[in-house]
Amino acid sequence: MQPNAELRSLIDRFSAARIAVVGDLVADEYLYGETERVSREAPVLIVRYESSELKPGCGANAVANLCALGARVVPVGMVGDDETGARLRNLLREAGADVSGVLTASGFATATKTRVLAGGKNTRRQQMLRIDRDGPASPPPALLARLLRALKEAAGDVDAVMVSDYGAGLLSAPVVEAVLAIAQSGKLVCADSRYRLAQYRGVAVAKPNEVELEQLAGHPLGGDLAALEEAGRELLRTLRARSLLVTRGRAGMMLLRPSAPAALLTVHGSPTAVDVTGAGDTVMAVNTLGIACGADPLQAARLANVAGALVVQKPGTATVTVAELRKELLRSTVAEAELMEPAQEPARRPRARR
């Protein structure tokens, strides 16, 4: 019998799903070169330019991942009126997304992360430097009404709305309010937010990483599973969500649901990553798509765990395809989750008699 029959059956349903993504559309630019010598002008390496490429980053990477998984995707966001913005929109269109909701912010540049990768002759290129260029701090007033209208239209005809909030400006207060109204209407909304996840009260699914959960808790968790579960359950109650998937890098994942024990997932495959850039986008895309296709949160998390393991073996911002997932599910049995024992309430001391 072939392994992982349930998970393989789940990905067979991906092509029928339609997902709207509202998020920060960022361009990931990669500059490659060869290091030859140290400059006489300053104690820095001279990099001789070889090539460059542009990839979808942040929310745009989430869109690209959903497209690579076979879903029909409608991104809602903004780019600048520059060449980078035009290229980013074209990349999403070529990936298969409906880019009618990708609007242009006139007079602004597109948010861009430029990474310089270099190395000696016949050696692997390593990242030396990253330069960030900001886009608009929030949607310009002239664009906001159109953006809200595009979000409302996209949400009306999809199986789920995915939020990819990197704090780059798109998710201003009016946009967040619109997202929460969509969640309140009964639509499946899944949120991933680097800095402000607690404000997405009412979404069905949320995905912090361990560092983000620590920041929301206001104190270090130190990798302690009991402390991690306590902080996660507090966030779960705050959000009133159905599930919370906490990604923990090489330590795996923890899935929390309101009326079920915490589920621990070990890293699938190799614990050593080649590059973790954008891996959270891949995990969020698979988790959202799985739940939108009818999977229970644990089944979706197990599949997301496999996808995350595959994408961190690729250099730079990358996606995982349906074909790659199918191949991996046929190659290796996916481990079941380990369920934690429910936390015990501390015993109360009997009152002393007076």
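Now for a quick tour of the structure. (Residues numbered from 1 in each chain as written. Predicted model: local features only at pLDDT ≥ 70, side-chain atom pairs only at ≥ 80, totals over all residues. Heavy atoms only, no water.)

## Quick word on the nonpolar core
(1) Moving on: Counting 61 residues, the largest nonpolar core has Ile19, Leu289 and Leu303 as its most contacted members.
(2) Moving on: Counting 44 residues, the second largest nonpolar core, distinct from the first, contains Leu147, Val175, Leu228 and Met254. (Core = buried A, V, L, I, M, F, W, Y, C linked by side-chain atoms within 4.5 Å. Buried < 20%, exposed > 50% of the residue type's maximum accessible area, 1.4 Å probe, protein only.)

## Here we look at unusual backbone geometry
Outside of glycine, negative phi angles account for most residues, and trans bonds account for most peptide bonds.
(1) Moving on: Positive phi is not limited to glycine here, since Asn4 has a value of about 60°.
(2) Moving on: By relative accessible area, which is 12% here, Asn4 ends up buried.
(3) Moving on: One non-glycine residue with positive phi stands out, namely Cys58, at about 55°.
(4) Moving on: Considering the arrangement of structural elements, one finds Cys58 in strand S3 (residues 45-58). (Helix = DSSP H or I, 4+ residues; strand = E, 2+ residues; numbered from the N terminus.)

## Observations regarding the packing of helix H8 (residues 279-292) against helix H9 (residues 297-311)
(1) Moving on: Put simply, H8 and H9 touch, their axes get as near as 8 Å, and they point 150° apart. Taken together, H8 and H9 sit at an angle that is classed as roughly antiparallel. In this structure, H8 meets H9 at a crossing whose hand is right-handed. On H9, the residues touching Ala279, Thr282, Val283, Val286, Asn287, Gly290 and Ile291 of H8 are Pro297, Ala300, Ala301, Leu303, Ala304, Ala307, Gly308 and Val311.
(2) Moving on: Each residue belonging to the contact of H8 with H9 can be placed in one class, and the counts come to 11 nonpolar, four polar and no charged. (Axes fitted to C-alpha atoms, helices over the stretch in contact; angles between N-to-C directions. Parallel < 35°, antiparallel > 145°, perpendicular 65-115°, else oblique. Left-handed = near helix turned anticlockwise from the far one by under 90°. Contact = heavy atoms within 4.5 Å. Nonpolar A, V, L, I, M, F, W, Y, C, P; charged D, E, K, R; others polar.)

## What to know about empty space enclosed by the protein
(1) Moving on: Taken as a whole, this structure holds one cavity of 30 Å³ or more when the rule is applied.
(2) Moving on: Approximately 100 Å³ is the volume attributed to the largest cavity.
(3) Moving on: Forming the boundary of the largest cavity are 14 residues, of which Leu25, Met78, Ala111, Pro136 and Ala168 lie nearest the centre.
(4) Moving on: Elements with a contribution of two residues or more to the lining of the largest cavity: strand S2 (25-38) and strand S4 (72-80).
(5) Moving on: Ranked by residues supplied to the lining of the largest cavity, first place goes to S4 with three residues. (1 Å grid on protein atoms, 1.4 Å probe; cavity = no way out; pocket = protein on both sides within 12 Å on 5 of 7 lines; lining within 4 Å. Points joined across faces, edges and corners; volume = space filled by probe spheres on them.)

## What to know about a nonpolar patch on the surface
(1) Moving on: Where nonpolar side chains cluster on the molecular surface, the patch consists of Val38, Leu45, Val47, Met128, Leu129 and Ile131 and spans about 490 Å² of accessible area.
(2) Moving on: Among the elements that make up the nonpolar patch, the one with the highest residue count is strand S7 (residues 126-133) (three residues).
(3) Moving on: Turning to its location among the elements, Met128 is positioned in strand S7. (Patch = residues over 30% accessible without salt bridge, like charges linked within 9 Å, V, L, I, M, F, W, Y side chains within 5 Å. Areas by Shrake-Rupley, 256 points an atom, 1.4 Å probe, with all protein chains shown as cover. Salt bridge = Lys/Arg side-chain N within 4 Å of Asp/Glu carboxyl O.)

## A short note on the packing of aromatic side chains
(1) Moving on: Taken as a whole and assessed by the stated rule, the structure comprises one aromatic pair.
(2) Moving on: Here Tyr30 and Tyr32 contribute two aromatic rings whose centre-to-centre distance is 6.3 Å and whose plane-to-plane angle is 10°, an arrangement assigned as stacked. Both residues of the pair, Tyr30 and Tyr32, count as buried.
(3) Moving on: Between Lys55 and the ring centre of Tyr30, over which it is positioned, the NZ or CZ distance is 5.2 Å. (Phe/Tyr/Trp six-rings, centres within 6.5 Å; stacked < 30°, edge-to-face > 60°. Lys NZ or Arg CZ within 6 Å of the ring centre and 35° of its normal.)

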